[in-house]
Amino acid sequence: MLLKKFLQRSKLSLTIDLAIVALGAMLLIPATRQNTIAMMLRPTMFIHHIGLLAHPQQLEESTFDWQLFDLNGNKHSLSEYKGKVIFINYWASWCAPCLAETNQLQQLYSDYGSKVNFLFISNEEQQIVANYENNKKTGLPYFTPLTQYPNQLQTSSLPTTFIINKEGVLVMKKTGIAPWNGSDSRRILDSLLAE
């Protein structure tokens, strides 16, 4: 009786119910959980605003002493990137909001990667980050910290993105997902590059 009543519903209603069941199953399976949550979060990123800080902050010289490893095990210092606009994104492979904004960041990096220094920094072990890149093939420049995070670039939330201008001034700090490939972020980067 219940099955007959269930099957008498409209095709749209049945489709929605099956989609909800499938979504629930994908959320229960650990291997698909992060990607499913990321897929659900993607449409919400467009309600988030990207803007410059009301009070930009000159970074201390010690901030640029920060040491990082790239995926090839090469050591880098943040000071190597001075004189160009720096785009720093803190993320993690287990962070669904981070995964939700990856496509946007890839598109932004594709257009600005030769003009802006992009650093995608994860606190995870280097091998975990390398495995993530080997599986996803994002092409983004990933780093892991070798030394403590600088005080001026601290956060307790992922994802968090910082933009530093050519003069070493922190001009933006954005916590949470954002439409990085949108007109606001492109306008900000274009104006910083023109300075």
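Structure shown above.
Quick summary incoming for the structure in this document. Every chain is numbered on its own, with residues counted from 1 as its sequence reads. Local features in this predicted model are restricted to residues whose pLDDT is 70 or higher, and side-chain atom pairs enter the listing and the counts only when it is 80 or higher, whereas totals over whole chains, interfaces and linings include all residues. Where side-chain values are given, they derive from all heavy atoms of the structure, hydrogens and water being excluded.

1. Details of the pattern of salt bridges
- Whenever a carboxyl oxygen of Asp or Glu lies within 4 Å of a side-chain nitrogen of Lys or Arg, that contact is scored as a salt bridge. Per the stated rule, a full pass over the model turns up three salt bridges.
- The salt bridge partner of Lys82 is Glu61, with a shortest N-O separation of 2.9 Å. Here Lys82 is found in the loop between strand 3 (75-77) and strand 4 (86-91), whereas its partner Glu61 is found in the loop between strand 1 (57-58) and strand 2 (67-70), with 21 residues between them in sequence. Here a helix means four or more residues in a row that DSSP labels H or I, a strand means two or more in a row labelled E, and each is numbered from the N terminus.

2. So, the packing of helix 5 (residues 102-112) against helix 7 (residues 183-194)
- An axis is simply a line fitted to the C-alpha atoms; with a helix, the fit covers only the stretch in contact. Between two such axes, the angle follows the N-to-C directions and lies from 0 to 180 degrees. As a packed pair, helix 5 and helix 7 sit with axes 12 Å apart at the nearest point and diverge in direction by 30°. It follows from the interaxial angle that helix 5 and helix 7 lie roughly parallel. For the crossing formed where helix 5 meets helix 7, the hand is right-handed. Of helix 7, the residues touching helix 5 (which contributes Gln107, Leu108, Asp111 and Tyr112) are Ser185, Arg186, Leu189, Asp190 and Leu193.
- Residues are sorted three ways: Asp, Glu, Lys and Arg are charged, Ala, Val, Leu, Ile, Met, Phe, Trp, Tyr, Cys and Pro are nonpolar, and all the rest, Gly among them, are polar. Partitioning the contact of helix 5 with helix 7 into residue classes produces four nonpolar, two polar and three charged. For classification purposes, angles smaller than 35 degrees are called roughly parallel, those larger than 145 roughly antiparallel, those between 65 and 115 roughly perpendicular, and all remaining angles oblique. Crossing handedness is defined as follows: a turn of the near helix away from the far one that is anticlockwise and smaller than a right angle gives a left-handed crossing, while the clockwise case is right-handed. Any two residues whose heavy atoms approach within 4.5 Å at even a single point are treated as in contact.

3. Let's talk about helix 7
- Expected helix span is computed as 1.5 Å times (number of residues minus one). An ideal rise of 1.5 Å per residue puts 16 Å on 12 residues; helix 7 measures up with 16 Å between its terminal C-alpha atoms.
- Residues of helix 7 that are buried: Ser185, Arg186, Ile188, Leu189 and Leu192. On an axial view of helix 7, the arc spanned by its buried residues comes to 160°, and they lie on one face. Residues of helix 7 that are exposed and point over 90 degrees away from its buried face: Ser183, Arg187 and Ala194.
- Where helix 7 is buried, its residues touch helix 5, strand 7 (160-164) and strand 8 (169-175). The cut-offs for exposure are 20% and 50% of the maximum accessible area for each residue type, with area from a 1.4 Å probe on protein chains only; residues under the lower value are buried, those over the upper are exposed, and the others partly exposed. The arc in question is the one traced by the directions running from the helix axis out to the C-beta atoms.

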